[in-house]
Structures are given as C-alpha cells and as structure tokens.
Amino acid sequence: MNLFGEALRWIGDGSHWGGPGGIDTRIVQHLWVTFAAVGIAAVLAIPLGVLIGHTGRGRLVVVALAGAVRAVPTLGLLTLLGLAIGIGVEAPLLALVALAFPSLLAGAYAGIEAADPGAVDAARAVGMSEWQVVTRVEVPLGASVLIGGIRAATLQVVATATLAAYISDTGLGRYLFSGLKSRDYAQMLAGALLVAALALLLDLLMAALQRASSPTQGKVPS
C-alpha cells in the first residue's frame, strides 16, 4: 500500500509533467503508437476478413496463418525486428501490427458471417450487386462484431505498446524500464498504473461504440 501511495504521488508530482519526458508527452506517444499499429493492421486485415466472410473462401488457410502470427511472442519478434531494422519506433510498430492483425481479421470475417442470411438473400433478390450486399447489408449487420475485433486488438496493443520503450524512447513503457534499471519501483508502478488507466479508458470508449453499432440499438422490443 505504501508503494501504491508513492506511485500515485509520483504521478501527481508536477515535475513529471511537461517536457519531452513528461507524462503527458509519454501518453501522446503511447496513443500514437497504439493507433498507428491498429490502423495499419486494420487496413490489411479488415478488407481481407470481409472478403473471407463474404465469399467463405480461404478461411482455413488465412485463419491458420493468423493463428501462427498470434503464437509468436511479441518480445521475441520485437527483438528480431530491432536487430534487423535498428533502434527506433519502426520495429515496435511492426511487432504491434502483427499482434493486432489476428483479432482484426477474426472480427471482420466473424462479423460478416454473422449477418442474417435472410437479409443477405433479400438484398440479392432485389438486385443489389455483391459490393452493395457487403457495404449496405453485411457490414452494417456485422458492425458490432467487427468493432469488437477492433476493441480486442486495441486493448492488446495498448498494453503491449510498453515494449516500444525496449528499443526506443517512446511511450509509457519508458517509466517501467527506467524504474527497473534505477530500482525506482514507485516509477515502475506509476507507469503500470498509467497504462492500465489508458487501457480502461479506451475500453470504455470502444465498448460504447460497439453498443451504438449494434443493429438492435435503439429498437423497442415487441
């Protein structure tokens, strides 16, 4: 409890705010790395997931590959990329993209597959093209599941983004590594608390977005 209090005092200390190494700057860096990794992974994974969910083709192969990527330890992958690319934020970003990819892919194809087959058949019956079926029927009906995949990926990445500080001076993870090196355990716990608070905040925002995207949202049960 004493260490917890020291960590809270460390966070509340004005000298730890402002400047290139301040808490506010680290939070912005942490969010930037998180959103960049999830965004890049989404550009790659979501269209592929939608295609798989719509056509039903290639599901086993792609899911197996995504599962293999998920099984790779992020720290090990980060170390290999760091050795190949060098010091900087590029290696952590690529490792986090790989971490986010499986959840985004699974959310995309599961969301499309979850669309009501009756609604899909009706859309085709009225003459909608396959593109219109996807964009006007399947994606809206599966949006909640798709956003659930984005939510899962975001939480995984925001927690693991602490590893970005392993080979770059980026994010809240710097407090954990600096605290460990100097045996400043209050700083370490403060960094962990900040990451946890950031993850909880993002989870609440994503949960609200997921509820709002539900096709039953706002409907009165009959």
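Procedures and definitions
Residues numbered from 1 in each chain as written. Predicted model: local features only at pLDDT ≥ 70, side-chain atom pairs only at ≥ 80, totals over all residues. Heavy atoms only, no water. UniProt positions renumbered as here; feature names shortened; annotations may be inferred. pLDDT = per-residue confidence, 0-100. Helix = DSSP H or I, 4+ residues; strand = E, 2+ residues; numbered from the N terminus. Contact = heavy atoms within 4.5 Å. Polar contact = N/O pair within 3.5 Å; in protein donor to acceptor, adjacent residues only side chain to side chain. Axes fitted to C-alpha atoms, helices over the stretch in contact; angles between N-to-C directions. Left-handed = near helix turned anticlockwise from the far one by under 90°. Patch = residues over 30% accessible without salt bridge, like charges linked within 9 Å, V, L, I, M, F, W, Y side chains within 5 Å. Areas by Shrake-Rupley, 256 points an atom, 1.4 Å probe, with all protein chains shown as cover. Salt bridge = Lys/Arg side-chain N within 4 Å of Asp/Glu carboxyl O. Nonpolar A, V, L, I, M, F, W, Y, C, P; charged D, E, K, R; others polar. Expected span 1.5 Å × (residues − 1). Bend = angle between axes of the 7 residues up to and from the residue. Core = buried A, V, L, I, M, F, W, Y, C linked by side-chain atoms within 4.5 Å. Buried < 20%, exposed > 50% of the residue type's maximum accessible area, 1.4 Å probe, protein only. 1 Å grid on protein atoms, 1.4 Å probe; cavity = no way out; pocket = protein on both sides within 12 Å on 5 of 7 lines; lining within 4 Å. Points joined across faces, edges and corners; volume = space filled by probe spheres on them.

For the chain, the name recorded in an unreviewed UniProt entry is ABC transporter permease subunit, with Nocardioides simplex as its organism. UniProt, in its Sequence similarities (unreviewed entry) section for the chain, records the words "Belongs to the binding-protein-dependent transport system permease family."

Caption draft 1: Inspection of the confidence of the model for the chain at higher detail. Here the chain averages 86 in pLDDT, and 96% of its residues register 70 or above. Mean pLDDT across the elements of the chain bottoms out in helix 3 (residues 59–71) (76) and peaks in helix 2 (residues 23–55) (93). Predicted confidence is poor over residues 218–222, with pLDDT under 50, and the contacts of this stretch with residues over four places away or in other chains come to 0 contacts.

Caption draft 2: A look at the side chain of Ser 168. Relative to the helices and strands, Ser 168 resides in the loop between helix 7 (130–160) and helix 8 (173–182). Reaching out from Ser 168, the side chain makes a polar contact with the backbone oxygen of Ala 164 at a distance of 2.6 Å. Aside from chain neighbours lying at most four places away, what touches Ser 168 is Gly 88, Val 89, Pro 92 and Arg 174.

Caption draft 3: Quick peek at the packing of helix 4 (residues 74–85) against helix 5 (residues 90–113). One can describe the packing of helix 4 onto helix 5 by two numbers: an axis separation of 8 Å at closest approach and a directional angle of 145°. Where helix 4 crosses over helix 5, the two elements pack in a sense that is right-handed. Along its contact with helix 4, which presents Thr 74, Leu 77, Leu 78, Leu 81, Gly 82 and Ile 85, the element helix 5 presents Glu 90, Ala 91, Pro 92, Leu 94, Ala 95, Ala 98 and Leu 99.

Caption draft 4: Fine view of a nonpolar patch on the surface. Nonpolar side chains collect at one region of the surface, where Ile 40, Val 43 and Leu 44 lie side by side and expose about 280 Å² of accessible area between them. Relative to the helices and strands, Ile 40 is located in helix 2.

Caption draft 5: View of the packing of helix 2 against helix 7. Contact geometry for helix 2 and helix 7: axes closest at 10 Å, N-to-C directions at 145°. Between helix 2 and helix 7 lies a crossing whose hand is right-handed. Within the contact between the two elements, helix 2 uses His 30, Thr 34, Ala 37, Val 38, Ile 46, Val 50 and His 54 and helix 7 uses Glu 130, Val 133, Val 134, Glu 138, Leu 146, Ile 150, Ala 153, Thr 154, Val 157 and Val 158. In terms of residue class, the contact of helix 2 with helix 7 is made up of 11 nonpolar, 4 polar and 2 charged.

Caption draft 6: The arrangement of helix 7 in detail. For helix 7, spanning 31 residues, the distance from its first C-alpha to its last is only 38 Å, which falls clearly below the expected 45 Å at 1.5 Å a residue. The largest bend in helix 7 comes to about 65°, at Ala 143.

Caption draft 7: A look at the nonpolar core. Leu 96, Leu 104, Leu 105 and Val 157 are the most contacted members of the largest nonpolar core, which has 28 residues in total. Where this core is concerned, the elements lending two or more residues are helix 2, helix 3, helix 5 and helix 7. Considering each element in turn, this core owes the most residues, 11 residues, to helix 5. The contacts of Val 157, once residues within four sequence positions are left out, are Thr 34, Ala 37, Val 38, Leu 96, Leu 99 and Ala 100.

Caption draft 8: The arrangement of empty space enclosed by the protein in detail. According to the stated counting rule, one finds 2 cavities of 30 Å³ or more in the structure shown. Within this model, the largest cavity holds a volume of roughly 50 Å³. Taken together, Val 69, Arg 70, Val 72, Pro 73, Thr 74, Leu 77, Ala 95, Ala 98 and Leu 99 make up the lining of the largest cavity. Every element with two or more residues in the lining of the largest cavity is listed here: helix 3, helix 4 and helix 5. With 3 residues, helix 5 is the largest single contributor of residues to the lining of the largest cavity. When its volume is computed, the second largest cavity comes out at roughly 30 Å³. Together, Leu 78, Pro 92, Ala 95, Leu 96, Thr 160, Leu 163 and Ala 164 line the second largest cavity. In terms of residue count, helix 5 provides more of the lining of the second largest cavity than any other element does, 3 residues in total. Residue composition of the lining of the second largest cavity, by class: 6 nonpolar, 1 polar and no charged.

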